[in-house]
Amino acid sequence: MTKVLLATEKPFSPAAVKQIQAVVEEAGFEFALLEKYTAPEQFYQAVSGADALIVRSDLVTPQVLEAAKALKIVVRAGAGFDNIDLPTATAKGVVVMNTPGQNANAVAELALGMMVYLARGCFNGKSGSELRGKTLGLHAFGNVGRRVAEIAKGFGMHVYAYDPFLTKDAIENEGVTALASVEQLYDTCQYVSLHIPANEQTRGSINYALLNRMPQGATLVNTARKEVVNEADLLKIFAERPDFKYLSDVTPDCAAEIAEKFPGRFYFTPKKMGAQTEEANVNAGIAAANQIRDFFQKGDTRFQVNK
Ligand code: NAD
């Protein structure tokens, strides 16, 4: 019988797990669960007989793939799949998928929530500032970027986007001004919100040259990945520009230094929690289970990222 393993070091909500299990069992597959594992060996052991694997941010390393002798498909319940070793999976003929869009609203609400929080002095009771009338630049206009745009427009922000993989029309049809270069985005926007994936092109790409283009009252918002920001450059801009602020759901390695030197100019979530809502858990988990069912039953590879 086809065995589907849900392996999550940081578990889904119990309601989401129940619904994932229901989809798997209704499809006639066996469901197995590994949660809160503390050593990679537990993962190797659990995955050894699995035909399909659902993970969250769990690292799917060459060792995991080596242990998973029967594995045909791994689905990252979420958007970013930089935790999965794609070259090894591809070499082993394992299909890798993500579940695009399923957690976009949760991440977008968090981005805007952090912006309000810092603009209002972390709710310190003193006079703060408003988002209305401010310029917001979306660095990438995928599922999260588009949802941030919708909410930000409700706040009365002026929204711009840069995404070289989309046409101007695709962006402007959503009521957002498309900018032709990344430099223009940083020149124009007081708030820049990062929605790029972490990959070879983007790692370390948010650097001093870009950040220093931002107008006075600059706030960088990062719900994407910590690796896309060059941290030495981040510290430099913090030191040179007293107006610069940073909000992040993906805490930088230099967080302690920022906290010590630049109090009041940052907020970092205690743990990555952009997708941590009941709704996003259920949406992404069920999408992953459905995609596995459709892969085995219909050969559907629509969401494959290693074609
Ligand atoms: P998505 O795949 O829907 O969109 C990504 C967009 O980035 C695409 O439109 C693509 O054209 C664009 N892009 C790719 N390379 C680019 C580049 N070099 N410059 C500009 N644009 C580029 O992904 P999404 O759902 O919008 O999520 C975006 C990222 O956010 C994910 O890759 C993931 O790393 C991160 N994320 C974080 C959390 C969290 O919990 N904080 C949750 C979901 C996603």
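Above this text sits the structure in question.
Anyway, here's the lowdown on the structure attached to this text. The residue numbering used here restarts from 1 in each chain and proceeds along that chain's sequence as written. Thresholds applied to this predicted model are a pLDDT of at least 70 for local features of residues and 80 or more for the giving and counting of side-chain atom pairs; totals over whole chains, interfaces and linings are not thresholded and use all residues. Only hydrogens and water are removed before side-chain values are computed, so all heavy atoms of the structure are retained for them.

Observations regarding the nonpolar core
Among soluble globular proteins, nonpolar side chains are generally buried collectively. Residues grouped as a nonpolar core are buried Ala, Val, Leu, Ile, Met, Phe, Trp, Tyr and Cys residues, joined through side-chain atoms within 4.5 Å. Type-normalised accessible area, obtained with a 1.4 Å probe on protein chains alone, sets the label of each residue: buried when under 20%, exposed when over 50%, and partly exposed for intermediate values. Counting residues in each nonpolar core, the largest one holds 33 residues, and the members touching the most others are Y186 and I206. Runs of E in the DSSP output that reach at least two residues are strands. Runs of H or I that reach at least four are helices, and both are numbered from the N terminus. Listing elements by their share of this core, those giving two or more residues are β7 (158–162), α8 (182–188), β9 (191–194), α9 (208–211), α10 (231–240), α11 (255–261) and β12 (266–268). Sort the elements by how many residues they give to this core and α10 lands first, with four residues. Residue contacts are counted whenever heavy atoms from the two residues lie within 4.5 Å of one another. Beyond its immediate chain neighbours, meaning those up to four positions away, I206 contacts H139, Y186, L194, I196, L211, L220, V228, V229 and N230. In this structure, L118, F141, V148 and Y191 belong to the second largest nonpolar core, which totals 28 residues.

With respect to the state of the cysteines
Disulfides are defined in this document as cysteine sulfur pairs within 2.5 Å. Applying the stated rule across the entire model yields zero disulfides. There is no disulfide at C122, and the cysteine sulfur nearest it, in C254, is 17 Å away. With relative accessibility at 26%, the residue C122 sits in the partly exposed group.

Quick word on the environment of D243
As for its position among the elements, D243 is in the loop between α10 and β11 (245–248). Taking the C-alpha atoms as reference, D243 lies 16 Å from Y117; in sequence the two are 126 residues apart. Beyond its immediate sequence surroundings of up to four residues, D243 is in contact with P215, Q216, G217 and A218. Here the side chain of D243 touches R241 through a polar contact of 2.8 Å, side chain to side chain. Pairs of N or O atoms within 3.5 Å make up the polar contacts considered here, provided that, within protein, one atom can donate a hydrogen while the other can accept it, and that residues adjacent in sequence are counted only when both atoms are side-chain atoms.

Quick word on the sheet that holds strand β5 (residues 95–98)
Spatial strand order, β2-β1-β3-β4-β5: five strands in an open sheet with parallel pairing. In this open sheet, the two strands that pair with only one neighbour each are β2 (30–35) and β5. Taken over all neighbouring pairs, the strand axes of this sheet differ in orientation by 20 degrees on average, direction set aside. Direction of pairing for strand β3 (residues 52–55) relative to strand β4 (residues 73–76): parallel, over a ladder of four bridges. Note on β4: the bridge partner recorded for L53 is V74. Between N-to-C directions, angles cover 0 to 180 degrees, with each direction set by a line fitted to C-alpha atoms, over the stretch in contact for helices. Relative to strand β1 (residues 3–8), helix α2 (residues 40–47) is tilted by about 165 degrees, and along the sheet it contacts β1, β2 and β3. The pairing criterion is simple: DSSP has to find at least two bridges between the two strands.

Some details on the sheet that holds strand β6 (residues 135–139)
What holds strands together in a sheet is hydrogen bonding between their backbones, with the strands either parallel or antiparallel. Read from one edge of the open sheet, seven strands run β8-β7-β6-β9-β10-β11-β12, paired in parallel fashion. Each edge of the open sheet carries a strand with a single partner, namely β8 (177–178) and β12. Summarising the sheet, β6 and β9 pair through four bridges and their orientation is parallel. From the neighbouring strand, H139 faces β9, where its bridge partner is L194. Along the sheet, helix α6 (residues 143–154) contacts β6 and β7; its crossing angle with β6, the most-contacted strand, is approximately 170 degrees.

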